[in-house]
Amino acid sequence: MIESDGTASLGEARIEAAYGSGDGDDTSSATVARPMEGKIFEQIYRPWNGPLGPRWVRNYAIYRHHVYGIVSGSGHRRYHPFVRLLLLVVILGSMTPILMLLLSTLVSDDATGFLNRMWGVNRYNLWGNVLGYFPRNLCMWPLLTALVVGGLISDDRRNGTSAIYFSRPVSRLDYAAMKWLSAASVLAIVILLTYMMYYSAAVVFKGEGWSYIADTLPIFIGGLLAGIFLVFTYTSIGIALSSISTSRFTASISFLGYILGSKLIAWLIEIQFNTTYVYMVSPYDCLAHVGQWLVGLPSNYDHPLALSVISLVAMNAASLAIFASRVASLEVTRE
Amino acid sequence: MSDPVIQIRGLRKMYGPHTALDGVDLDIGTGGIGILGPNGSGKSTLFKCILGLIRITEGGGTVLGKDIVTMGPQIRSSIGYMAEYDSLDPGLTAVDHVRYAGELLGMRPDQATQRAHEVLQYVGLEDQRYRTIDSFSTGMRQATKLACAIVHDPQILFCDEPTNGLDSSARQFMLDTLRRTISDGGGTVIMTSHVMEDIQGVCERVVMLSGGKIVLEGRIDELARQITREIEISVWGGATKLEEWLLTRGHRVRRMGRIMRVEMNGDETISAILLGASETNAQVRVLKEYEPDLEDIFLLIMQRLGKEAKGASAIIGGRE
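What you see is a predicted model; the values in this text were computed from it and never measured. (Residues numbered from 1 in each chain as written. Chains lettered and ligands numbered in written order. Predicted model: local features only at pLDDT ≥ 70, side-chain atom pairs only at ≥ 80, totals over all residues.)

A. Layout of the overall build of chain B. Counting secondary structure elements, chain B contains 12 helices and 14 strands. Dimensions of chain B, computed from the C-alpha atoms along their principal axes, are close to 75 × 45 × 35 Å. Across the 320 residues in chain B, those meeting the buried criterion constitute 48%. Long-range contacts, defined here as pairs at least 24 residues apart, represent 67% of the contacts in chain B between residues at least 6 apart. (Helix = DSSP H or I, 4+ residues; strand = E, 2+ residues; numbered from the N terminus. Buried ≥ 20, exposed ≤ 12 C-beta atoms within 10 Å, placed from the backbone. Contact = placed C-beta atoms within 7 Å.)

B. Quick peek at the confidence of the model for chain B. Residue and element names in this part refer to chain B. In this model, chain B carries an average pLDDT of 87, and 94% of its residues clear a pLDDT of 70 or more. Looking at the elements of chain B, mean pLDDT is at its lowest for helix α12 (residues 312–316), recorded as 47, and at its highest for helix α3 (residues 94–103), recorded as 96. For this predicted complex, the interface score ipTM comes out at 0.84, alongside a pTM of 0.83. (pLDDT = per-residue confidence, 0-100.)

C. Layout of helix α4 (residues 109–122) of chain B. Residue and element names in this part refer to chain B. For α4, spanning 14 residues, the distance from its first C-alpha to its last is 20 Å, which sits close to the expected 20 Å at 1.5 Å a residue. All buried positions along α4 are accounted for by Q111, A112, R115, A116, E118, V119, L120 and Y122. Considering only its buried residues, α4 is in contact with α3 and α5 (138–150). (Expected span 1.5 Å × (residues − 1).)

D. Representation of the interface of chain B and chain A in the model. Tallying the contact residues gives 43 residues for chain B and 34 residues for chain A. For the side of chain B that touches chain A, the secondary structure elements donating two or more residues are α1 (43–50), α2 (72–78), α3, α4 and α6 (168–185) of chain B. Partitioning the side of chain B that touches chain A into residue classes produces 17 nonpolar, 11 polar and 15 charged. (Nonpolar A, V, L, I, M, F, W, Y, C, P; charged D, E, K, R; others polar.)

E. Region of interest: the sheet that holds strand β14 (residues 283–290) of chain B. Residues and elements named next belong to chain B. Spatially, β12-β13-β11-β14 is the arrangement adopted by the four strands of the open sheet, whose pairing is antiparallel. Bordering the open sheet on either side are β12 (253–256) and β14, each of which pairs with just one other strand. With strand direction ignored, the average angle separating the axes of adjacent strands in the sheet is 20°. Here strand β11 (residues 230–236) pairs with strand β13 (residues 259–263) via five bridges, running antiparallel. (Pairing = 2+ DSSP bridges. Axes fitted to C-alpha atoms, helices over the stretch in contact; angles between N-to-C directions.)

F. Region of interest: unusual backbone geometry. The amide bond that connects A:F134 to the next residue, A:P135, takes the cis arrangement and shows omega of 0°. If you check the backbone angles, B:L64 has positive phi at about 55° while not being a glycine. As for its placement among the helices and strands, B:L64 is situated in the loop between β4 (58–63) and β5 (66–67). Residue classification places B:L64 among the partly exposed residues on the basis of 18 C-beta atoms within 10 Å. Despite not being glycine, B:D153 shows a phi value in the positive range, around 50°. Turning to its location among the elements, B:D153 is positioned in the loop between α5 and β7 (156–160). A residue is classified by how many C-beta atoms lie within 10 Å of it, and B:D153, with 20 of them, is buried.

G. Representation of the environment of B:S87. Among the secondary structure elements, B:S87 is positioned in the loop between β6 (79–82) and α3. Here the alpha-carbon distance between B:S87 and B:D127, two residues 40 residues apart in the chain, equals 22 Å. When near neighbours in sequence (up to four residues on either side) are disregarded, B:S87 contacts A:G160, A:T161, A:A163, A:I164 and B:K145.

H. Representation of the domain arrangement of chain B in the model. The domains assigned to chain B are domain 1 (6–224) and domain 2 (228–290). Computed from C-alpha atoms alone, the centre-to-centre distance between domain 1 of chain B and domain 2 of chain B is 43 Å. (Domains from an automatic or database assignment.)

I. Here's a closer look at the confidence of the model for chain A. This prediction gives chain A a mean pLDDT of 87; 85% of its residues lie at or above 70. For the stretch residues 1–11 of chain A, pLDDT sits under 50, and the model shows six contacts to residues farther than four places along the chain or on other chains.

J. Focus on the environment of B:R225. Note that B:R225 resides in helix α8 (residues 220–226). In this structure B:R225 comes out as exposed when scored by C-beta crowding, with 11 C-beta atoms within 10 Å.

K. Focus on helix α9 (residues 239–248) of chain B. Residues and elements named next belong to chain B. Turning to α9, its buried residues are A239, L242, E243, W245 and L246. Burial along α9 is one-sided: seen end-on, the buried residues are contained in an arc of 160°. Away from its buried face by more than 90 degrees, α9 exposes T240 and T248. For α9, the elements touching its buried residues are β11, β12, β13 and α10 (268–280). Following α9 by one or two positions, G250 adopts a phi angle in the positive range, close to 80°. (Arc of directions from axis to C-beta.)

L. A look at the pairing of β13(B). All names here are of chain B. By the alternation rule, side chains of β13 split into M260 and V262, which are all buried, and I259, R261 and E263, of which none is buried. Both β12 and β13 contribute to a ladder of four bridges, which runs antiparallel. Of the residues in β13, the one forming a bridge with R255 is M260. Following β12, the chain reverses through two residues before pairing antiparallel with β13; G257 in that reversal takes a positive phi of roughly 70°.

Rendered as structure tokens:
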């Protein structure tokens, strides 16, 4: 129906009804933002009155910051892409026995056959998955530790970032414990998780039952304990070296030098003088010695097991003492 | 002064045989407070004691009603601290850094993220917040440190040399921001700086330390009023003769090139200066009453203090 005043026939009324245009458009003016002279932005102080979480929330933040940085590209501690790549290579490398286990299962049914002895679950393989020298303790674990732990404290010393922890309600004990735990977690994920995956894969691939598990579980737990000792010791030594340096390179190279160098010197002395006592200075050999006992393997070393245990305890105690002392000396007001 | 947020009584801290703080009594209310003192005067030790970071040898006190001896973590939850030296992780972006600073106080990650954006906007880094710290200028780093310190809207903000290494515009922005933090935040800003002008620009009150003791405390304007007034003249030609003329007639004169400051003894001083200028043919181009600033107070105290800490009120009155 056409309106009597004729406006509807031009279609303007509908536009006005829909968009409100036409009414006073000619007289109104646009509101244009006018910057105030000398001000480049509007500075507004916004108060905040939210709740602050308890101690465990703060500690978990430290832990998360360091562990998530391994997988997350941003938002957490930055690990160099090379470190992440190496971590991936180490994880894949430490999982190769699982692949070989699968292959041996597929090509052979013989439980006592060569392939099974080579890749299946037995004392030697469980020990070797954690404490085998080549490639794990020569190339993989020490390098992994050096790269993950090297900058953990030394970066804080160099950048002065210890101040952001200690000027907040984070105690030195919490700081040290969370740093240690985050490093140990990364090592544990790589070393212990792949070890557990290997054992689980053996059970699954071969369709083993409870009796098999009952037979092999004590050996598996022995190897797991040896792995825990390894993670503990490497983390402690690595973090102690990181805490006495302001350079992650120095800390990392010192760690590699100590782990590999002490082994090399002890080996040279063994072949020259036919004694294994000097292996007591080598963290790897002390761990290997204890690991052999835990898994139930004959020892490669002539010296008593007790000496390796004492040496391990002394190494860990000394490392943790150095670490604690260096953390205690970290300054808030200046470094 | 408003109700004190920090109360320190008989605070004594010894490092072996060395006394870093010696019986410090201090009340700090809301507003801006400058802590001054030469190197080794005990400023850092006082900060550490107030933050509950070190064991106190003797005495005690409270911060926001919390005991500094037993409640260090609770105190550090309520205060913000902006360190003098670089304390930033160069690999993190500004927003990640501030968020992590918030999480270290116990904030939930989502709260900390939101708050990080808010405070970075406040310190002028809104457009730069996704850049990594290693690409920041000194001014931007200082602003990031301030953002980390105020992420939880603390009641007390400690700033250790906040304008260190800043150019004039960045310095002005930092001082404006601190002033705004006091006025809009309604809290306390405790600040140290070697630039007296900065302290004077932000703080109303000042505490001066020397040899582990408080030698001066009070409002800057009141302290300035207590300093002996001087007449400042700018002399072109004959300045040395005029200086000698004034000195021989018992006036106390400080000369800095063409500028001379003559201690004022009523209106006679001005008459004496004009008479001296007339007799020595010196051209006095400017004559005005000198407004002493914080630097004058500080220098005067330090000059007259010597090694022994005396009562400051007697010293600033010019009557040693």
